[in-house]
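One letter stands for each residue in the lines below.
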Number of protein chains: 2
Amino acid sequence: MCDACLPPAPPDRRTVEEGTDLLPAFDSAGLVTCVTQHADTGEVLMVAHMNGEALARTIETGEAWYWSRSRRTLWHKGDTSGQIQSVVEMRVDCDQDAIVLKVRVGGDGGCCHTGRRSCFYRTVPVGVPVEKAILKHTEG
Amino acid sequence: MCDACLPPAPPDRRTVEEGTDLLPAFDSAGLVTCVTQHADTGEVLMVAHMNGEALARTIETGEAWYWSRSRRTLWHKGDTSGQIQSVVEMRVDCDQDAIVLKVRVGGDGGCCHTGRRSCFYRTVPVGVPVEKAILKHTEG
């Protein structure tokens, strides 16, 4: 087996953390985590996952694509609901296993399958014993 | 085996999504995903993970605790660096497998192990072929 036939060495840490190459660190399921926030307010709308294809389509189209773990399919967010997420900015973290999307949302502006604007519609109290941590609805 | 001896039934979807009980949906590794953002600017600082103990300590102390997957230990963020994250608001998503923390950061205000304020210090271009997606440093 010649050197050219060997699989490429994994990128070293400095290349991943300080370089300008996109080198996604997919987990054992082939996914990276994606945090999607509203481009204007910073509100976190959802946390989802992307495989390589979803990541590539998001970059190329400027609209958010995810991998649906429950349905095991590529998922063009808003395809049926009209809640298309147009990407204003995309960021990647130090070890390249997480993505941030800053988006504007089409259709009725919703994001969560429960009908709300954001999936994070409940607060958790802090500074209390965990058994007294009663969630509080703060949206619709 | 009597009814009282049986393990409790998993909570139904409506209870998880619409209820006021904290019912974290830990993954197979016993973790939920945590997105930590700056309470004042909305900037996403980091994405990390919490096991039950980290979640409970965060709720009870009002400071961010995580589970370090690489070191396999509980991790009180800032314990050595002084970059303690004081929780201003904590939120949970629809299916309770993700947490958002809005924090203020102690010490020098940093968060990333590379020394930066946020782990998301590089942008990914959109609207380009993925092979031309060259990252751009936007901080430090």
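Structure's up top.
Here is what the cut-offs are and how they apply
Residues numbered from 1 in each chain as written. Chains lettered and ligands numbered in written order. Predicted model: local features only at pLDDT ≥ 70, side-chain atom pairs only at ≥ 80, totals over all residues. Helix = DSSP H or I, 4+ residues; strand = E, 2+ residues; numbered from the N terminus. Rg over C-alpha atoms; globule rule 2.2 N^0.38 Å. Contact = placed C-beta atoms within 7 Å. Buried ≥ 20, exposed ≤ 12 C-beta atoms within 10 Å, placed from the backbone. Arc of directions from axis to C-beta. Least-squares fit on C-alpha atoms with pLDDT ≥ 70 in both. Pairing = 2+ DSSP bridges. Axes fitted to C-alpha atoms, helices over the stretch in contact; angles between N-to-C directions. Nonpolar A, V, L, I, M, F, W, Y, C, P; charged D, E, K, R; others polar.

Trainee: Can you tell me about the overall build of chain A, naming the residues and giving the values?
Mentor: For chain A, the count of helices and strands is two helices and eight strands. Relative to the globule expectation of 14 Å for 140 residues, the C-alpha radius of gyration of chain A, 18 Å, shows a markedly less compact shape. The dimensions of chain A, computed from C-alpha atoms along their principal axes, are 60 × 40 × 30 Å. Summarising the internal contacts of chain A: among those between residues at least 6 apart in sequence, 37% fall at separations of at least 24.

Trainee: Describe helix H2 (residues 52–61) of chain B, naming the residues involved and giving the relevant values.
Mentor: Residues B:Ala54, B:Leu55, B:Thr58 and B:Ile59 constitute the buried set of H2(B). Looking straight down H2(B), one finds that the buried residues subtend no more than 130° of arc, so they occupy a single side. Packing partners of the buried residues in H2(B) comprise strand E7 (122–124) of chain A together with strand E1 (32–38), strand E2 (44–50), strand E3 (65–68), strand E4 (73–76) and strand E5 (85–92) of chain B.

Trainee: I'd like a rundown of the relation of the copies chain A and chain B, residues and numbers included.
Mentor: In summary, the two copies of the chain are related to each other by a rotation about an axis coupled with a shift along it. Rotating chain A by 180° and translating it 0.0 Å along the rotation axis places it on chain B, where the RMSD comes to 0.0 Å. Such a turn and shift between the copies fits a two-fold axis. Minimal C-alpha distance to the rotation axis in chain A is attained by A:Gly42, lying at 2.4 Å.

Trainee: An account of the pairing of strand E2 (residues 44–50) of chain A is needed here, citing residue identities and associated values.
Mentor: All names here are of chain A. The buried fraction of E2 is high, at seven of seven residues. Examined bridge by bridge, strand E1 (residues 32–38) and E2 share six bridges and lie antiparallel to one another. Counted as the bridge partner of Cys34 is Ala48 from E2. Turn length for the E1-E2 hairpin, with the two strands adjacent in sequence and antiparallel, is five residues, and the turn residue Gly42 shows positive phi of about 80°.

Trainee: So what about the sheet that holds E7(A)? Which residues, and what values?
Mentor: Spatially, six strands are ordered E8(A)-E7(A)-E5(B)-E6(B)-E1(B)-E2(B) in an open sheet, and the strand pairing comes out mixed. Unpaired on one side and paired on the other, strand E8 (136–137) of chain A together with E2 of chain B mark the two borders of the sheet. Inspection of the sheet shows E7(A) paired to E8(A) by two bridges, in the antiparallel sense. Counterpart to A:Arg122 in the pairing with E8(A) is A:His137. Each of E7 of chain A together with E1, E2 and E5 of chain B is contacted by H2(B), which is oriented at about 125° to E2(B), the strand it contacts most.

Trainee: Would you mind going over the interface of chain A and chain B in detail, with residue names and values included?
Mentor: Facing 40 residues of chain A, the contacting portion of chain B comprises 40 residues. Put simply, the parts of the chain that give the side of chain A that touches chain B at least two residues each are E1, E2, helix H2 (52–61), strand E5 (85–92), strand E6 (98–105) and E7 of chain A. Counting residues per element, the side of chain A that touches chain B draws most heavily on E5(A), at five residues. A breakdown of the residues in the side of chain A that touches chain B according to their chemical character gives 23 nonpolar, 10 polar and seven charged. Summarising the sheet, E5(A) and strand E7 (residues 122–124) of chain B pair through three bridges and their orientation is antiparallel.

Trainee: How would you summarise H2(A) if you had to cite specific residues and measurements?
Mentor: Looking at the buried side of H2(A), the elements it contacts are E1, E2, strand E3 (65–68), strand E4 (73–76) and E5 of chain A together with E7 of chain B. A positive phi of about 75° marks A:Gly62, the residue just after H2(A).

Trainee: Mind laying out the environment of B:Arg104, listing which residues take part and the relevant values?
Mentor: Residue and element names in this part refer to chain B. Relative to the helices and strands, Arg104 resides in strand E6 (residues 98–105). Its 13 C-beta neighbours within 10 Å are what place Arg104 among the partly exposed residues. With 19 residues separating them in the primary sequence, Arg104 and Gln85 have C-alpha atoms 5.6 Å apart. Discounting residues that sit within four places of it in the chain, Arg104 has contacts with Ala39, Ser86 and Val88.

Trainee: Tell me about the sheet that holds E2(A), residues and numbers included.
Mentor: A sheet is described by the order of its strands in space; here six strands give the open sequence E2(A)-E1(A)-E6(A)-E5(A)-E7(B)-E8(B), paired in mixed fashion. Each edge of the sheet is formed by a strand with only one pairing partner; in this case those strands are E2 of chain A together with strand E8 (136–137) of chain B. Of the strands in this sheet, E1, E2 and E5 of chain A together with E7 of chain B touch H2(A), which is tilted by about 125° from E2(A).

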